[in-house]
Amino acid sequence: MKTELVRISKDLNKEDLENIKRAGEILKSGGLVSFPTETVYGLGANGLDETAVKKIYKAKGRPSDNPLILHISSIDQLDELAEDVSPEARRAIDTFWPGPITFIFKKKSTIPDLITGGLDTVAVRMPDHDLARQILDAAGVAIAAPSANTSGRPSPTRAQHVMDDLAGKIDMIVDGGSSGIGIESTVVDLSGDTPLVLRPGKITIEEIRKILANVEEDKSIIKQDIVPKSPGQKYRHYAPSGEMVLFTGSIDSIIKEMSKRSKEDFKKGKKVAILATDETIDSYDLDEKIVIKSLGSREDEDTIAANLFSSLRELDSLGIEKIYAEGTGYDDLGLAIMNRMIKAADGNIVKL
Ligand code: TXA
Ligand code: MG
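Just so it is clear, the structure is predicted and the values come from calculations on it, not from any experiment.

Q: Which parts of the structure should I look at to understand the pattern of salt bridges?
A: Two side chains bearing opposite charge may form a pair once their charged atoms approach each other closely. Counted according to the given criterion, the structure contains 20 salt bridges. Where aspartate 130 meets arginine 133, a salt bridge forms, and the shortest distance between an N and an O atom there is 3.7 Å. Pair noted here: aspartate 130 and arginine 133 are both in helix α5 (residues 130-139), with a separation of three residues, about one helical turn. Arginine 340 is the salt-bridge partner of glutamate 184, the closest N and O atoms lying 2.7 Å from each other. Residue glutamate 184 is located in the loop between β9 (172-175) and β10 (186-189), and its partner arginine 340 is located in helix α10 (residues 334-344); the two are separated by 156 residues in the primary sequence.

The following block contains the structure:
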């Protein structure tokens, strides 16, 4: 299959509008289209068409028990997908949608089992991204869209990342520039008595607690040894090809230990990289050939989140075999960043 790449400009000229319409038609008629959202690029298919949804699992190499998020462009569409939406859930929706947050509800019986991995619940999100919503509008149906990466790899934040993983496997990629947030949506289960954060994201538990006072957090978010409640969270994830080790604790000890280990590996002939921050990048004592990158300032978690996946992909393209990465704190967006880093490192964490 030839994958068509279309670039959409900010000012939406006539050709852009035609391409958006065509993306919608491809989706509606059972094809696969990748499009940007404010979190990461998604790989869309008609969410009520089982044959189309099957193609998503095949293109990504995704395990079939890992359910998908249905994307909508208007809140009205929710009534066709979800049962028992409580008044508290409505408040949360009104506060946070459109936005980088996915809610899980009891599902309507019309939703294919393939979408929900056989669960009786369904995940729904309304993205805060004009182009994404225009494409969803053009399709006119709820669109199933996981992140548009090969299963297990870091999520894509640019059209080129989608090309790298899925060229030849999907019909179209709509390039609308970089995804600003850079990590996937917060996932909150509203189907039980207590709202539960299953995946941390840009919208933090503190913000959710202002609307849903009894919200809790799935403890597996930062612990590798607890089985997560969300099927997708149990897999090795967000992972570069190189082996990653994550360091937490006092920053001076981290710099010392990461310098030492990377030099040892380098001497053994390994391709090594260090993921540092603006505050620390000049403090490492390294051989010149060791790759070192800053994810951004430790004071600016938004930038660190936005750079994380693209940096991991960049290290892959350099053929890096071993990555030593500085951890951030767990406060605010730090929890979501650390959740992705812990999974990228497959639980390989050194506490100093
Ligand atoms: O930001 C995002 O959410 C992006 C963009 C494209 O919208 N999408 C995304 O989809 O990250 P995906 O498939 O990569 O991640 C969806 C997560 C998985 O961890 C999955 O297991 C979980 O949501 N999930 C989906 N439906 C669920 C359900 N009914 N119960 C529990 N977890 C569910
Ligand atoms: Mg994903």
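Next, the rest of the story.
Q: So what exactly am I meant to see when it comes to the site of ligand 1 here?
A: Taken together, 25 residues lie near ligand 1, and Thr39, Asn66, His71, Ser185 and Gly232 sit nearest. Looking at the shell around ligand 1, the elements with two or more residues in it are β4 (69-71), β7 (121-125) and β11 (196-199). Looking at the shell around ligand 1 element by element, the count peaks at three residues for β7. Taken together, the residues of the shell around ligand 1 sort by class into 11 nonpolar, 10 polar and four charged.

Q: Even after reading the chapter, I still don't get the sheet that holds strand β16 (residues 322-326), so can you show me in this structure?
A: Think of a sheet as strands paired side by side through backbone hydrogen bonds, with each pair either parallel or antiparallel. Taken in spatial order, the five strands line up as β15-β14-β16-β13-β17 in an open sheet, and their pairing is parallel. In this open sheet, the two strands that pair with only one neighbour each are β15 (291-294) and β17 (349-351). Recorded for the sheet is a direction-independent mean angle of 20 degrees between the axes of neighbouring strands. Those strands touched by helix α8 (residues 251-267) are β13 (243-248), β14 (272-276), β16 and β17, and its axis lies near 175 degrees from that of β16.

Rules behind the numbers
- Residues numbered from 1 in each chain as written.
- Chains lettered and ligands numbered in written order.
- Predicted model: local features only at pLDDT ≥ 70, side-chain atom pairs only at ≥ 80, totals over all residues.
- Heavy atoms only, no water.
- Salt bridge = Lys/Arg side-chain N within 4 Å of Asp/Glu carboxyl O.
- Helix = DSSP H or I, 4+ residues; strand = E, 2+ residues; numbered from the N terminus.
- Near = heavy atom within 4 Å.
- Nonpolar A, V, L, I, M, F, W, Y, C, P; charged D, E, K, R; others polar.
- Pairing = 2+ DSSP bridges.
- Axes fitted to C-alpha atoms, helices over the stretch in contact; angles between N-to-C directions.
- Contact = heavy atoms within 4.5 Å.

Everything listed here is a matter of geometry and, on its own, says nothing about what the molecule does.
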